[in-house]
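Remarks on the overall topology
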Amino acid sequence: MTKQAVIVLFMCFAFNFFSQSNGAVHKGFYLIYESISYDTKLKQKVTSAEFSESYRSEISSYPAVKLGYSFTAWGNIGLTNWTVWGVDFGIGLNYNKSIMNALQPYENIFQATGFEQTSQNNQVFFNYYQPGNQCKINDYGINLHLDAGTIIYAGAEIDAGPSSIVFLDNRIQDQKVKSLGWFVNARIQGGISLPLPLRVESDVKVNLKAYAVLLGWSARHYKLDWISGDKKLKNFSTLQANGSPLGVGVSMSILFKSY
């Protein structure tokens, strides 16, 4: 079983366990604001030629916004003296805008006499079939997270859904390489949590968190259309990306007591 499947099963089990508890719970909504970067390995394969290239890049997100429903169990596992204990499960929507910068090739797959690099700046993707020198990514998806702890907590989080990607090449006028694909980001993270007020019997709680990513995995897949003028090459190449995340974020949950 992969580590991504373990994370999903853990989140589902915990949500089912605490949703069946007889104790008081708090339900409401959450808002997450974070900035994450991904050290990524890209692999482009030209479908008609069985040709592929690998490249290293960095995906840097603008601050992402996540909003959704939050379910929190307080003191439901017998630790009634731990008044700030909480298990927070949230499900909602995620939107993230990113820019991808090229860093360096993994290996020199293509060799040719007299070969010239088409784009002369620090955002060059690949060596031979270059989709462009600027890349913009928009992710739309579902956010799932599960956090457990007291003042210090740890949690798991998954974002997944459709993703649009656009490469722009300044060398070739009007050329655009774009696609609609999918993405998955899975993370283990930890930080500090401040639930206010610090009383289990409180009817309303505001839970403030600050966290850092400890471990994670990311995957993307696209089938690229190459467009230049009135010429369009549909599914000319496929792009796969795998990477690891690094970043920080803050979140706020507003929760109301129910039984």
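The rules behind the values
Residues numbered from 1 in each chain as written. Predicted model: local features only at pLDDT ≥ 70, side-chain atom pairs only at ≥ 80, totals over all residues. Heavy atoms only, no water. Helix = DSSP H or I, 4+ residues; strand = E, 2+ residues; numbered from the N terminus. Buried < 20%, exposed > 50% of the residue type's maximum accessible area, 1.4 Å probe, protein only. Areas by Shrake-Rupley, 256 points an atom, 1.4 Å probe, with all protein chains shown as cover. Phe/Tyr/Trp six-rings, centres within 6.5 Å; stacked < 30°, edge-to-face > 60°. Lys NZ or Arg CZ within 6 Å of the ring centre and 35° of its normal. Contact = heavy atoms within 4.5 Å. Pairing = 2+ DSSP bridges. Salt bridge = Lys/Arg side-chain N within 4 Å of Asp/Glu carboxyl O. pLDDT = per-residue confidence, 0-100.

**Some details on the overall build of the protein chain**
The helix and strand inventory of the protein chain stands at 1 helix and 9 strands. The helix and strand sequence of the protein chain, counted from the amino end, reads α-β-β-β-β-β-β-β-β-β. For the protein chain, the proportion of its 259 residues judged to be buried stands at 46%. When the accessible surface of the protein chain is summed, it comes to about 13100 Å², and 60% of that surface belongs to carbon and sulfur atoms.

**Looking at the packing of aromatic side chains**
Throughout the structure, instances matching the rule amount to 8 aromatic pairs. Between F51 and Y129 the ring centres are 5.5 Å apart and the planes differ by 70°, which places this aromatic pair in the edge-to-face class. Pair noted here: F51 is in strand β2 (residues 51–61) and Y129 is in the loop between β4 (86–105) and β5 (134–149), with a separation of 78 residues, a long-range link. Judged by its relative accessible area of 23%, Y129 is partly exposed. Ring centres of Y129 and F236 lie 5.5 Å apart, and the angle between their planes is 65°; this geometry places the pair in the edge-to-face category. Residue Y129 is found in the loop between β4 and β5, and its partner F236 is found in strand β9 (residues 231–258); the two are separated by 107 residues along the sequence. Classification of F236 as buried rests on a relative accessible area of 18%. Members of the aromatic cluster, joined through ring pairs, are F51, Y128, Y129, W226 and F236. Sitting over the face of the ring of Y62, K97 holds its NZ or CZ atom 5.7 Å from the ring centroid. Positioned above the aromatic ring of Y153, the side-chain terminus of K209 is 5.1 Å from the ring centre.

**Some points on the side chain of E157**
By secondary structure assignment, the location of E157 is in strand β6 (residues 152–168). Here E157 falls in the buried class, since its relative accessible area comes to 1%. Setting aside chain neighbours within four positions, we find E157 in contact with I32, E34, K66, N143, L144, H145, N185, A186, R187 and Q189.

**A word on the environment of P245**
Tracing the backbone shows P245 in strand β9. The exposure class of P245 is buried, given its relative accessible area of 11%. Taking the C-alpha atoms as reference points, P245 and N185, separated by 60 residues in sequence, lie 8.4 Å from one another. Apart from residues lying up to four places away in sequence, P245 is in contact with I36, S37, Y38, R187, V213, G216 and W217.

**Comments concerning the pairing of strand β7 (residues 175–196)**
Bridging between β6 and β7 involves 17 bridges; their strand directions are antiparallel. Each residue of the ladder has a partner; that of A156, found in β7, is I188. Note that β7 and strand β8 (residues 204–228) share 19 bridges and pair antiparallel. Residue pairing in the sheet places Q175 in a bridge with S228 of β8.

**Focus on the pairing of β5**
Relative to β6, β5 is paired through 14 bridges, and the arrangement is antiparallel. Residue pairing across strands places A148 opposite A154, the latter belonging to β6. In textbook terms, the turn of a hairpin is the stretch between consecutive antiparallel strands, and for β5 and β6 this stretch comprises 2 residues.

**Here's the deal with the pattern of salt bridges**
A full pass over the atoms with the stated rule returns 12 salt bridges. A salt bridge links K209 to D88, with the shortest nitrogen-to-oxygen separation between them at 3.1 Å. Taken together, the residues span a long stretch of sequence, with K209 in strand β8 and D88 in strand β4 at a distance of 121 residues. The exposure class assigned to K209 is buried, which follows from its relative accessible area of 6%. Two residues, K234 and D225, come together in a salt bridge whose shortest N-O distance is 3.7 Å.

**Overview of the confidence of the model for the protein chain**
When the pLDDT values of the protein chain are averaged, the result is 79; 75% of them are 70 or greater. Within the protein chain, the lowest mean pLDDT, 48, falls on helix α1 (residues 3–19), and the highest, 93, falls on β6. Within the model, pLDDT remains below 50 along residues 6–10, and this stretch shows 8 contacts once partners closer than five positions in the same chain are excluded. Note on residues 108–122: pLDDT is under 50 here. Beyond four places in sequence and across chains, it has 19 contacts.

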